[in-house]
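# Geometric and topological summary
So you can see what is in the structure, the chains are spelled out below.
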Amino acid sequence: MKHMKATVFHGKNEIRVDEVERPRAGVGEAVIRVTLTTICGTDLHILRGEYPVREGLIIGHEPVGVIEELGQGVSGYQIGNRVLVGAITPCGQCAACLTGHLSQCGQGKSYEALGGWRLGNTINGAQAEYLLVPNAQANLAKIPDALTDEQVVLLADIASTGFSGAESAGIKIGDAVVVFAQGPIGLCATAGAKLMGAALVIGVDGDENRLRMSRRMGADVVLDYRECDVVGEVRKLTGGGADVAIEALGTQQTFEQALRSLRPAGTLSSLGVYSGKLQIPYDAFAAGIGDHRIVTTLCPGGKERMRRLMEMARTGRVDLTPLLTHTFSLDEIPEAYDLFGARRDGVLKVAIKP
Ligand SMILES: NC(=O)c1ccc[n+]([C@@H]2O[C@H](COP(=O)([O-])OP(=O)(O)OC[C@H]3O[C@@H](n4cnc5c(N)ncnc54)[C@H](O)[C@@H]3O)[C@@H](O)[C@H]2O)c1
Ligand SMILES: [Zn+2]
Ligand SMILES: [Zn+2]
């Protein structure tokens, strides 16, 4: 029996690199040899026991690799092809997928909330030497030769998510956009707002390093929430309120500030993952008749989404490599979690090389 090394969740605050059985590709599946992956903020929630997954699960959902094995019924690929797989792996067949809601995929049936997120959630994930890719035909995106693994790994999740915050908001050329929080997701939302044609992008955070990166990713103005009245500043900079506010943290405070930063009939595009109760104060919401739009988005996945994002990298529209601040081997992944979790040493994203 063939074995591999993999990052296994053993309960709250306990992950280990274990020797486990190597996956084999069944019908419609593929196995890839992972060449590069990374750690997501969501993996930290899993590690800390804040997001439940079963013990014994291999975690991680941002894979770049080489096709090692193709199951029956998967066509158009060769062993050895370099591929990117999105964090969200839709089936491509269910009601949700066929109406364009791939992230809420019902796995062959109708709709399931967050059902498209399987890797490192409900099935084994990417922080391993090998990964089983479900519904391979819908999820293997070939990487153009011109692109390195480092240029594409962040497209699987954070770029797809961040950009979707701008896309779901329907940003128009000339819009003024404010993005609350400049973590990896918010930084990609900032880049996405610029790509969508915003005339003014305001990045909000409280970390100097991240505010600097915010400018690099496309913010025209950055605001340190520790040092100013953010809502007042946004209203001043935009002459009365932003067309679009993107929430990229997942707290009551930033959600409320995003809402209060909007002009009448503006759009709040929410990316954050919230816990507990989220409240909408009536005054911030014009008592419910201010023509506001509130939209939420789960990271879009599937091979066509990945192909489009890789085209953006290939043509130089985006370069996310500055966000990959540190590199570790798979054996060193506990240290990588430690550094990433503590946000030490200016870390934004870590590259993990199995
Ligand atoms: N919608 C999706 O599909 C999806 C996917 C991945 C992650 N997420 C969620 O997106 C959120 C952001 O993820 P991340 O990895 O970028 O987070 P992160 O923890 O790396 O970054 C959060 C940032 O928020 C800043 N911050 C803290 N308080 C603030 C405030 N009051 N105002 C402005 N900034 C503040 C911090 O300085 C930090 O830079 C999380 O809730 C995460 O779970 C959503
Ligand atoms: Zn993620
Ligand atoms: Zn589906």
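Structural data are supplied above this passage.
Conventions we followed
Here, residues in each chain are numbered from 1, in the same order as that chain's written sequence. All chains are assigned letters beginning at A, and all ligands numbers beginning at 1, according to the order in which they are written. Only residues with pLDDT of at least 70 are given local features in this predicted model, and only at 80 or more are side-chain atom pairs given and counted; all residues enter the totals for whole chains, interfaces and linings. The basis for every side-chain value is the complete set of heavy atoms in the structure, and neither hydrogens nor water enter the calculation. When two rings of Phe, Tyr or Trp (its six-membered ring) have centres within 6.5 Å they constitute a pair, described as stacked for plane angles under 30 degrees, edge-to-face for angles over 60, and tilted for the intermediate range. Where helices and strands are cited, they refer to DSSP runs of H or I of at least four residues and of E of at least two residues respectively, numbered from the N terminus. Each residue's exposure class comes from its accessible area (1.4 Å probe, protein chains only) as a fraction of the maximum for that residue type: buried when under 20%, exposed when over 50%, partly exposed otherwise. By arc we mean the arc of the directions from the helix axis to the C-beta atoms, nothing more. Distance and chemistry together define a polar contact, namely a pair of N or O atoms within 3.5 Å, with one atom able to donate a hydrogen and the other to accept it when in protein, and with adjacent residues in sequence counting only for side-chain atoms on both sides. Donor selection uses N, O and S atoms within 2.8 Å of the metal (3.2 Å for Na, K and Ca). Since no water is included, sites may look incomplete. We call a residue near a molecule or strand as soon as one heavy atom of that residue lies within 4 Å of the molecule or strand. A 1.4 Å probe and the Shrake-Rupley method give the accessible areas. Residues count as covered only by the protein chains that appear here. For this classification, Asp, Glu, Lys and Arg are treated as charged, while Ala, Val, Leu, Ile, Met, Phe, Trp, Tyr, Cys and Pro are nonpolar and the rest, including Gly, are polar. Nine residue types can take part in a nonpolar core, namely buried Ala, Val, Leu, Ile, Met, Phe, Trp, Tyr and Cys, and a core is a set of them joined through side-chain atoms within 4.5 Å. Whether two residues are in contact is decided by their heavy atoms: any pair within 4.5 Å suffices.

## Points about the packing of aromatic side chains
- Tallied over the entire structure, the rule returns two aromatic pairs.
- Judged by centre distance (5.2 Å) and plane angle (40°), the rings of tyrosine 51 and tryptophan 117 are tilted. Here the residue tyrosine 51 occupies a position in the loop between helix 1 (41-47) and strand 4 (64-70), and tryptophan 117 occupies one in the loop between helix 2 (95-98) and strand 6 (130-133), the gap between them amounting to 66 residues.
- Residues phenylalanine 255 and tyrosine 274 carry aromatic rings whose centres are separated by 5.9 Å and whose planes lie at 85° to one another, so their mutual orientation is edge-to-face. One end of the pair, phenylalanine 255, is in helix 9 (residues 252-260); the other, tyrosine 274, is in the loop between strand 12 (262-270) and strand 13 (293-296), and 19 residues separate them in sequence.
- Exposure remark for phenylalanine 255: the relative accessible area of 4% places this residue in the buried category.

## Some thoughts on helix 7 (residues 208-216)
- For helix 7, the complete set of buried residues consists of Arg210, Leu211, Met213 and Ser214. Seen end-on, helix 7 carries its buried residues on one side only, within an arc spanning 160°. Within helix 7, the exposed residues directed more than 90 degrees away from the buried face are Glu208, Arg212 and Arg216.
- The opening residue of helix 7, the one whose side-chain oxygen lies 2.9 Å from the backbone nitrogen of asparagine 209, is aspartate 207.
- Immediately beyond the C-terminal end of helix 7, within one or two residues, lies glycine 218, with a positive phi of roughly 130°.

## A few points about the coordination of the zinc ion (ligand 2)
- Only Cys40 (SG), His61 (NE2) and Asp157 (OD) from the protein reach the zinc ion (ligand 2) as donors, at distances of 1.7 to 2.2 Å.
- In primary-sequence terms, the residues that donate to the zinc ion (ligand 2) follow C-x20-H-x95-D. Within this pair, whereas cysteine 40 is found in the loop between strand 3 (30-38) and helix 1, its partner histidine 61 is found in the loop between helix 1 and strand 4, the two being separated by 21 residues in sequence.

## Some points on the site of ligand 1
- Surrounding ligand 1, one finds 23 residues, the nearest of these being Asp205, Leu249, Leu271, Thr297 and Cys299.
- At a separation of 2.9 Å, an oxygen atom of ligand 1 approaches a polar backbone atom of isoleucine 185.
- One nitrogen or oxygen atom from the main chain of valine 273 is found 3.1 Å from an oxygen atom belonging to ligand 1.
- Calculation on ligand 1 without its partners gives an accessible area of 880 Å², and the protein chains cover 88% of this total.
- Its residues placed into classes, the shell around ligand 1 shows 11 nonpolar, eight polar and four charged.

## A short note on the nonpolar core
- In terms of nonpolar packing, the biggest core is built from 29 residues, with Leu84, Val152, Leu155, Met310, Leu320 and Leu323 touching the most fellow members.
- Broken down by secondary-structure element, the contributors of at least two residues to this core are helix 5 (158-168), helix 6 (184-195) and helix 10 (303-314).
- Here this core gets four residues from one element, more than from any other, and that element is helix 10.
- Not counting residues within four places of it along the chain, the set of residues in contact with valine 152 comprises Val64, Leu84, Ile143, Leu147 and Met310.
- Leu44, Leu57, Ile88 and Ile333 belong to the second largest nonpolar core, which has 23 residues in total.

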